[in-house]
Amino acid sequence: MSVNPGGLRQGDRVRVLAMDPPGHHRTPAFVRGKEGVVTTLAGRMPDAELMAYGRRGPDQPVWRVRFQQTALWPDYAGDPADTVVLDLYEHWLEPLR
């Protein structure tokens, strides 16, 4: 089971922060404020939000998070069991415990 120092692990429910910061960010608007489930740790990667401005900080954990498509798009006409998996930086995720 993947675990990081921040405490997230596979199977944890999370909510993507519902924020709209100025500048470059890597979190799609359609998942902000939505709940999903952590599937695995994708790795630790440079923070692209800093790199877009020529800065570099410590590598950040990136988690794969699964969302029900019906939770993202209420009018979704496909199979209700369909999901979307996105790689998201940990600082965008709020644990729901």
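Everything that follows concerns the structure shown earlier in this document.
Cut-offs used in this document
Residues numbered from 1 in each chain as written. Predicted model: local features only at pLDDT ≥ 70, side-chain atom pairs only at ≥ 80, totals over all residues. Heavy atoms only, no water. Core = buried A, V, L, I, M, F, W, Y, C linked by side-chain atoms within 4.5 Å. Buried < 20%, exposed > 50% of the residue type's maximum accessible area, 1.4 Å probe, protein only. Helix = DSSP H or I, 4+ residues; strand = E, 2+ residues; numbered from the N terminus. Contact = heavy atoms within 4.5 Å. Pairing = 2+ DSSP bridges. Axes fitted to C-alpha atoms, helices over the stretch in contact; angles between N-to-C directions. Salt bridge = Lys/Arg side-chain N within 4 Å of Asp/Glu carboxyl O.

Draft legend 1. Structural context of the nonpolar core. One finds Val16, Val65, Phe67, Leu88 and Leu93 to be the most contacted residues of the largest nonpolar core, which totals 17 residues. Of all the secondary-structure elements, those providing two or more residues to this core are strand 1 (13–16), strand 3 (60–68) and strand 4 (83–89).

Draft legend 2. Representation of the environment of phenylalanine 67 within the structure. Along the polypeptide, phenylalanine 67 turns up in strand 3. Sequence separation between phenylalanine 67 and leucine 88 is 21 residues; the distance between their C-alpha atoms is 12 Å. Once residues lying within four places of it in the same chain are set aside, the contact partners of phenylalanine 67 are Val16, Val31, Lys34, Glu35, Gly36, Leu72, Asp82, Thr83, Val84, Leu86 and Leu88.

Draft legend 3. Region of interest: the sheet that holds strand 4. Strand order in the open sheet formed by five strands is 4-3-2-1-5, and the pairing between neighbours is antiparallel. In this open sheet, the two strands that pair with only one neighbour each are strand 4 and strand 5 (93–95). Between one strand and the next, the sheet's axes are offset by a mean angle of 40°, whatever the strand orientation. Two elements, strand 2 (residues 35–45) and strand 3, share seven bridges in a ladder whose sense is antiparallel. What sits directly across from valine 37, in strand 3, is arginine 66.

Draft legend 4. Just the pattern of salt bridges, in detail. By the definition in use, this model includes six salt bridges. As a salt-bridge pair, glutamate 35 and arginine 15 come within 3.0 Å of each other at their nearest N and O atoms. Of the two residues, glutamate 35 is situated in strand 2 and arginine 15 in strand 1; the sequence distance between them amounts to 20 residues. The partner of arginine 15 in a salt bridge is glutamate 94, and the shortest N-O contact between them spans 3.4 Å. Within this pair, whereas arginine 15 is found in strand 1, its partner glutamate 94 is found in strand 5, the two being separated by 79 residues in sequence. Linked through salt bridges whose partners overlap, the residues forming this network are Arg13, Arg15, Glu35 and Glu94.

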